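Structural description and commentary
Residues per chain are reported as follows:
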Amino acid sequence: MPIIKVEDKNIEIEDGANLRTSLISNGYQITSTCGGCASCGLCVVAIKSGDENLSEFTFEEKQILGNVFHITKERLSCQTFVNGDIEVDVSMHQQKSNSNSKNKTIRRKSGEIPEKVAVERPPKEGGFRRPRAFKPEKENK
Ligand code: FES
């Protein structure tokens, strides 16, 4: 059984398992908006070692990532199937989930949603400005 090494953790998976679903089922948050259809390009993971144990690039994967794996070492996890031991870096997904945390709804333990906090803005200087009247450009003859 192949092993995926992620952040000092070894995940044992079935031979030929999908990389994205294997990571998600083991508690790793992999960013995606397409749900694994190879259209959003957000499920990228970096392959640290064992790239020879991965499935070939699909047409859709090449469309999104280009033909630069030898430089970036990145694969779309939703399009990648694992046939042997690999080591992956998913740190970019941890950072994204943290940066989006301000957009999440925060609930208190009691279940009530906190009231909106009024933000005072400084008064605008100069008051209301009327838009300029439209003047057609003069024709140069
Ligand atoms: S999940 Fe959207 S491209 Fe992989």
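Along each chain, the written sequence defines residue order, and numbers are assigned to residues from 1. Thresholds applied to this predicted model are a pLDDT of at least 70 for local features of residues and 80 or more for the giving and counting of side-chain atom pairs; totals over whole chains, interfaces and linings are not thresholded and use all residues. The side-chain values count all of the structure's non-hydrogen atoms but skip hydrogen atoms and water molecules.

Turning next to the overall build of the chain. Helix and strand assignments come from DSSP, with helices taken as H or I runs of at least 4 residues and strands as E runs of at least 2, each series counted from the N terminus. Looking only at helices and strands, one finds four helices and seven strands in the chain. Across the chain, helices and strands are ordered from the amino to the carboxyl terminus as β-β-β-α-β-α-α-β-β-β-α. Relative to its 141 residues, the chain shows a buried fraction of 27%. The long-range fraction of contacts in the chain, counting pairs at least 24 apart against all pairs at least 6 apart in sequence, stands at 62%. We call a residue buried when its accessible area falls under 20% of the maximum for its residue type, exposed when it is over 50%, and partly exposed in between, using a 1.4 Å probe and counting protein chains only. The contact criterion used throughout is that any non-hydrogen atoms of two residues lie within 4.5 Å.

Further remarks concern the sheet that holds strand E7 (residues 86-89). When DSSP finds two or more bridges between a pair of strands, those strands are recorded as paired. Ordered by their spatial adjacency, five strands build an open sheet running E2-E1-E7-E4-E5, and the pairing between neighbours is mixed. On the outer flanks of this sheet lie strand E2 (9-12) and strand E5 (74-76), each paired with one strand and no other. For this sheet the average axis-to-axis angle between neighbouring strands, irrespective of direction, equals 40°. Axis lines are fitted through C-alpha atoms, for helices just across the contact stretch, and the angle between N-to-C directions can take any value from 0 to 180 degrees.

Further remarks concern the confidence of the model for the chain. Do not read the predicted coordinates in detail wherever pLDDT is low. Confidence in the prediction for the chain averages 81 pLDDT; 73% of positions are at 70 or higher. A score between 0 and 100, pLDDT records how confident the predictor is in each residue. When pLDDT is averaged over each element of the chain, strand E6 (residues 81-82) comes out on top at 96 and helix H4 (residues 91-99) at the bottom at 64. The low-confidence segment residues 96-105 (pLDDT under 50) makes four contacts with residues lying over four places distant or belonging to another chain.

Among the nonpolar cores identified, the biggest contains 22 residues, and Ile4, Val6, Leu19, Leu23, Val88 and Val90 are the most heavily contacted of them. Counting residues per element, the ones that place at least two in this core are strand E1 (3-6), helix H1 (19-25), strand E4 (44-49) and E7. Counting residues per element, this core draws most heavily on E4, which supplies three residues. Residues contacting Leu23, with those up to four places away along its chain left out, are Ile4, Val6, Ile11, Tyr28, Ile30, Val45, Val88 and Val90. The term nonpolar core refers to a set of buried residues drawn from Ala, Val, Leu, Ile, Met, Phe, Trp, Tyr and Cys, joined through side-chain atoms within 4.5 Å.

Time to look at unusual backbone geometry. Both trends apply: most residues other than glycine have a negative phi, and most peptide bonds are in trans. In the Ramachandran plot, Glu7 falls in the positive-phi region, its phi being about 45° despite a non-glycine side chain. When you line up the elements, Glu7 lands in the loop between E1 and E2. For Glu7, a relative accessible area of 45% corresponds to the partly exposed category. Of note in the backbone geometry, Ala38 takes a positive phi value of approximately 60° without being a glycine. Its location among the elements puts Ala38 in the loop between H1 and E4.

Let us now look at the pairing of E2. Note that E1 and E2 share four bridges and pair antiparallel. Residue pairing in the sheet places Ile4 in a bridge with Ile11 of E2. From the end of E1 to the start of E2, which pair antiparallel, there are two residues, and Glu7 there has a positive phi angle of about 45°.

For the rest of this paragraph, the subject is the pattern of salt bridges. By convention in these notes, a salt bridge is any Lys or Arg side-chain nitrogen within 4 Å of a carboxyl oxygen on Asp or Glu. Counting across every chain of the model gives two salt bridges. Glu87 is the partner of Lys48 in a salt bridge, and the nearest nitrogen-oxygen pair spans 3.9 Å. Separated by 39 residues along the polypeptide, Lys48 in strand E4 and Glu87 in strand E7 bring together distant segments of the chain. When its relative accessible area of 24% is taken as the criterion, Glu87 is described as partly exposed. Its salt-bridge partner being Arg75, residue Glu61 comes within 2.8 Å of it at the nearest N-O pair. Of this pair, Glu61 sits in helix H2 (residues 59-65) while Arg75 is found in strand E5, placing the two residues 14 residues apart along the sequence.

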